[in-house]
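# Architecture and fold: a report
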Amino acid sequence: KALPFVEAVGRPDGSIFDEEGCLWNAEFGGGRVVRYRQDGTIDMVVDVPTKHPTCATFGGPALDTLYITDASIFAASRLSKKRRPELADGLAGGLFWVRLPVRGCRE
């Protein structure tokens, strides 16, 4: 029997797996990257200071750094000026990183 996927804050976008087999997903429009266990439960959430994270990848010598790209500047440019959200100065379209207690997989 199929289990329903959890309710995401944003739309699912770029995904990767870590060495424990958990899925990391950037939630476009949700301002976060979420780690899902194999049973679909949320294990960890990384909040991003922008609304539209698009992709995440592991890097660094120990593969314990999560790098996150953002497309807020592009998402906002598609809206009329009246409906365009305020973007945090210097952060939209940025590259963010966070050290984690888990590691990514070598490809």
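Residues numbered from 1 in each chain as written. Predicted model: local features only at pLDDT ≥ 70, side-chain atom pairs only at ≥ 80, totals over all residues. Heavy atoms only, no water.

### As for the nonpolar core
Counting residues in hydrophobic clusters, the biggest one holds 14 residues, and the most contacted among them are W24, V33, V46, F58, L66, I68 and L100. When residues of this core are traced back to their parent elements, those giving at least two are strand 2 (23-28), strand 5 (53-59) and strand 6 (65-70). Those residues in contact with L66, other than ones at most four positions away along the chain, are I16, W24, V33, V46, A56, T57, F58, F96, W97, V98 and L100. (Core = buried A, V, L, I, M, F, W, Y, C linked by side-chain atoms within 4.5 Å. Buried < 20%, exposed > 50% of the residue type's maximum accessible area, 1.4 Å probe, protein only. Helix = DSSP H or I, 4+ residues; strand = E, 2+ residues; numbered from the N terminus. Contact = heavy atoms within 4.5 Å.)

### Here we look at the sheet that holds strand 3 (residues 32-36)
If you walk across this open sheet you meet the four strands as 1-2-3-4, and the pairing is antiparallel. One side of each edge strand has no neighbouring strand; the edge strands of this open sheet are strand 1 (11-17) and strand 4 (42-47). Averaged over all pairs of adjacent strands, the angle between their axes in this sheet comes to 25°, without regard to strand direction. Strand direction decides the pairing type here: strand 1 and strand 2, joined by five bridges, are antiparallel. Pairing of I16 across the sheet is with W24, part of strand 2. (Pairing = 2+ DSSP bridges. Axes fitted to C-alpha atoms, helices over the stretch in contact; angles between N-to-C directions.)

### With respect to the sheet that holds strand 5
Within the open sheet, the three strands sit side by side as 5-6-7. Their pairing is antiparallel. Strand pairing shows two members of the sheet lacking a second neighbour, strand 5 and strand 7 (95-99), which therefore form its edges. Averaged over neighbouring strand pairs, the angle between their axes works out to 25° when direction is ignored. Relative to strand 6, strand 5 runs antiparallel, the two being bridged by six bridges. Across the sheet, F58 pairs through a bridge with L66, a residue of strand 6.

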